[in-house]
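Each chain, letter by letter, is given below.
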Amino acid sequence: MPPIKRTKFKLSSEQLLEMFYWLKLIRAFDLRLSTLVKQGKVRSGVYTGIGQEAIIVGTCFGLRREDFICPLHRDLGAFLMKGVDARTMMSQMFAKATGLSKGRDSALHSGVNELGIFGNTSMLGANLPVAAGIGFTFKMEKSDNVVIAYFGEGASNVGDFHEALNFAGVQQLPIVFICENNQYAYSVPLEKTMAIDDVAIRAEGYGFEGVAINGNDVLAVYQAMQGALARARGGDGPTLIECKTYRWHGHSEHDKAFYRTDEELAMWKSRDPIPTFTTYLRARHVLDDAKLKEIEDQAAHTIDDAVEFASNAPDPAAADAVTDLYA
Ligand SMILES: Cc1ncc(C[n+]2csc(CCOP(=O)(O)OP(=O)(O)O)c2C)c(N)n1
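All values derive from a computational prediction rather than experimental measurement.

Student: Looking at this structure, how should I read the side chain of Asn181?
Tutor: Assignment of secondary structure puts Asn181 in strand β3 (residues 175–181). Excluding residues within four positions of it along the chain, Asn181 makes contact with Glu153, Leu190, Glu242, Cys243, Lys244 and Thr245.

Have a look at this one:
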């Protein structure tokens, strides 16, 4: 098995700024949701990914519409990057008729086939065999589309994870497995669930490469992703990328996360993916104060507009509870 090579990539100033915008937008979306849930406006559990945005931006940036993503409960930003409008996404969280599922699920389980988004399943890890199935379809169709399958380090301990990786390895499927290792599975720290340091090494047992990277460095994530995408599109099979990160909030917004220390949180906040990337963009003279303000205003406006739209959107009609059913 050839070792994973450093993939060269070149991003224009415009692309770098676009990445920056997505980081800002996804952060703003989750921050606003955190406030809205306290105001009783959200009709769903809210599992923010604040602190983890670089993984979503680094993996979704530049994907094709036909590539499929299998996002988790914490990955609402992936929906936005794959093409779901912020108004629709906010409506979804408000369980309004204008949301993806028109108010018929607990907000986190909808998918959009036309945009290549597979709806998340509640059972941890259960999305991974489905991702393998989508990858198998791509292989049978001889297309060079790729499946991006997200999972937490907690989910990497369930059987579905191992079955999916085994099948993907045997069949050399075009899948990139993205582990969002945020150190905790609900209240359980990873050292209590895993006897190894890196989830990435699990890939080797299934015959393909795994790498563990800094998941708070958007360019490191992008670079690893570009290598994995090239291999998958070229018929060289799956890759596992383990992105080390941290979720700033509790497991969900009702979890005060008393099981971790202030020091630990402070340490990870000092590794916030956004200021790091800001420093880089400023050093490259891609970003200045005016551009920063413009991007922040644009993100804030998009969120304000989405909240206003969703607040005024109609509730689902009772009669619609039995439409869109398939047997
Ligand atoms: C099979 C299964 N067991 C338990 C749960 C309850 N549960 C939901 S999320 C979660 C923690 C998930 O941790 P991880 O996979 O690391 O993802 P994270 O939430 O940290 O992003 C648990 C235990 C579940 N949904 N499915």
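Let's pick the thread back up.
Student: Looking at this structure, I do not really get the pairing of β3. What am I missing?
Tutor: Walk down a regular strand and you will see the side chains alternate between the two sheet faces. Within β3, seven of the seven residues are buried, which leaves the element mostly enclosed by the surrounding structure. Alternating positions in β3 separate into two faces, Ile175, Phe177, Cys179 and Asn181 on one and Val176, Ile178 and Glu180 on the other, with burial throughout. In this sheet, β3 lies alongside strand β2 (residues 147–152) in parallel orientation, the contact comprising six bridges. What sits directly across from Phe151, in β3, is Cys179.

Student: Can you help me understand the packing of aromatic side chains in this one?
Tutor: Working definition: an aromatic ring pair is given by the centre-to-centre distance plus the angle between the planes. All told, the structure shown has 11 aromatic pairs when counted by the stated rule. On the basis of an interplanar angle of 80° and a centroid distance of 5.3 Å, the ring pair of Phe9 and Tyr222 is categorised as edge-to-face. Of the two residues, Phe9 sits in the segment before α1 (13–38) while Tyr222 sits in helix α7 (residues 218–233), which places them 213 residues apart along the sequence. The exposure class assigned to Tyr222 is buried, which follows from its relative accessible area of 9%. Between Phe277 and Tyr280 the ring centres are 6.1 Å apart and the planes differ by 20°, which places this aromatic pair in the stacked class. With Phe277 and Tyr280 both in helix α9 (residues 273–283) and three residues apart, this pair spans about one turn of that helix. Residue classification places Phe277 among the buried positions, given a relative accessible area of 4%. One aromatic cluster is present, formed by Tyr184, Tyr246, Tyr259 and Trp268 through successive ring pairs. Residue placement shows Arg27 over the ring face of Trp248; its charged tip is 4.6 Å from the ring centre.

Calculation notes
- Residues numbered from 1 in each chain as written.
- Predicted model: local features only at pLDDT ≥ 70, side-chain atom pairs only at ≥ 80, totals over all residues.
- Heavy atoms only, no water.
- Helix = DSSP H or I, 4+ residues; strand = E, 2+ residues; numbered from the N terminus.
- Contact = heavy atoms within 4.5 Å.
- Buried < 20%, exposed > 50% of the residue type's maximum accessible area, 1.4 Å probe, protein only.
- Pairing = 2+ DSSP bridges.
- Phe/Tyr/Trp six-rings, centres within 6.5 Å; stacked < 30°, edge-to-face > 60°.
- Lys NZ or Arg CZ within 6 Å of the ring centre and 35° of its normal.

By themselves, these observations are geometric and do not establish any function.
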